[in-house]
Amino acid sequence: MSGDFTARTAPEAHLRPDPSQIPDEAERTARLRAAGVPEELHGMMGPHGVAPLGQKMGLRFEEMAPERLVATLPVAGNEQNMGLFHGGAHMVLAETLGSLAAILHVRLTLELVHPVVGIELGATHHRAVTDGVVTGTCTPINLGRTLTSHEIVMRDEQGRRLSTARMTNMILTPRE
């Protein structure tokens, strides 16, 4: 019985999309500008510029500094099946802001070119939203030389807190 179920539910190879292609420099720059990334930060944003997932979700940056990052996501297109802003969308917004805040800390404050990896992300959802725009604001809890911790608060257009996330990133020493 289980073999039959596996055969009926196994993903087909043709249904798996190829990984996102890295854009050429002109397309990368256009994506960064469309997402509100200041020109002076373009070099810190990785080969895709704006992550393909963030781009698909409608991510738009409002402020970008090591001490404070602010970005928005529309509710429309990012709902779960009951019409509420998806909990995973909260997490995408939180992880994007927390990761970029750590990168900006490393590059601008520490003046290093070290990779950063997320090692913990958790959130509490406080209230639902069904329309409008969600704004995430990321502020540091602790900025070290090996770890950063950030709080990311998501709010609706009326300023009501929707969720609170905390992210910890590890700053790695580049391998020789």
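Since this is a predicted model, take the numbers as computed values, not measurements.

From N to C terminus, the protein includes 4 helices and 6 strands. Along the chain direction, N to C, the helices and strands of the protein fall in the order α-α-α-β-β-α-β-β-β-β. Viewed in the frame of its principal axes, the protein has a C-alpha envelope of about 60 × 45 × 35 Å. Counting only residues that meet the buried cut, the protein has 36% of its 176 residues in that class. Sequence separation of 24 or more characterises 62% of the internal contacts of the protein that already satisfy a separation of 6 or more.

What follows is about the layout of surface pockets. Quantified by volume, the largest pocket comes out at close to 420 Å³. Taken together, 23 residues make up the lining of the largest pocket; nearest its centre are Met45, Ala51, Ser99, Leu100 and Ile103. Among the elements of the structure, α3 (52-57) and α4 (87-109) are those that each provide at least two residues to the lining of the largest pocket. For the lining of the largest pocket, a count of residues per class yields 13 nonpolar, 8 polar and 2 charged.

Next up on the list: the pattern of salt bridges. Counting across every chain of the model gives 6 salt bridges. A salt bridge links Glu25 to Arg28; the nearest nitrogen and oxygen atoms lie 3.4 Å apart. With Glu25 and Arg28 both in helix α2 (residues 25-34) and 3 residues apart, the pair spans about one turn of that helix. On the accessibility criterion, Arg28 (9% relative accessible area) is buried. Arg68 is the salt-bridge partner of Glu63, the closest N and O atoms lying 2.8 Å from each other. A relative accessible area of 37% means that Arg68 is categorised as partly exposed.

Calculation criteria
- Residues numbered from 1 in each chain as written.
- Predicted model: local features only at pLDDT ≥ 70, side-chain atom pairs only at ≥ 80, totals over all residues.
- Heavy atoms only, no water.
- Helix = DSSP H or I, 4+ residues; strand = E, 2+ residues; numbered from the N terminus.
- Buried < 20%, exposed > 50% of the residue type's maximum accessible area, 1.4 Å probe, protein only.
- Contact = heavy atoms within 4.5 Å.
- 1 Å grid on protein atoms, 1.4 Å probe; cavity = no way out; pocket = protein on both sides within 12 Å on 5 of 7 lines; lining within 4 Å.
- Points joined across faces, edges and corners; volume = space filled by probe spheres on them.
- Nonpolar A, V, L, I, M, F, W, Y, C, P; charged D, E, K, R; others polar.
- Salt bridge = Lys/Arg side-chain N within 4 Å of Asp/Glu carboxyl O.

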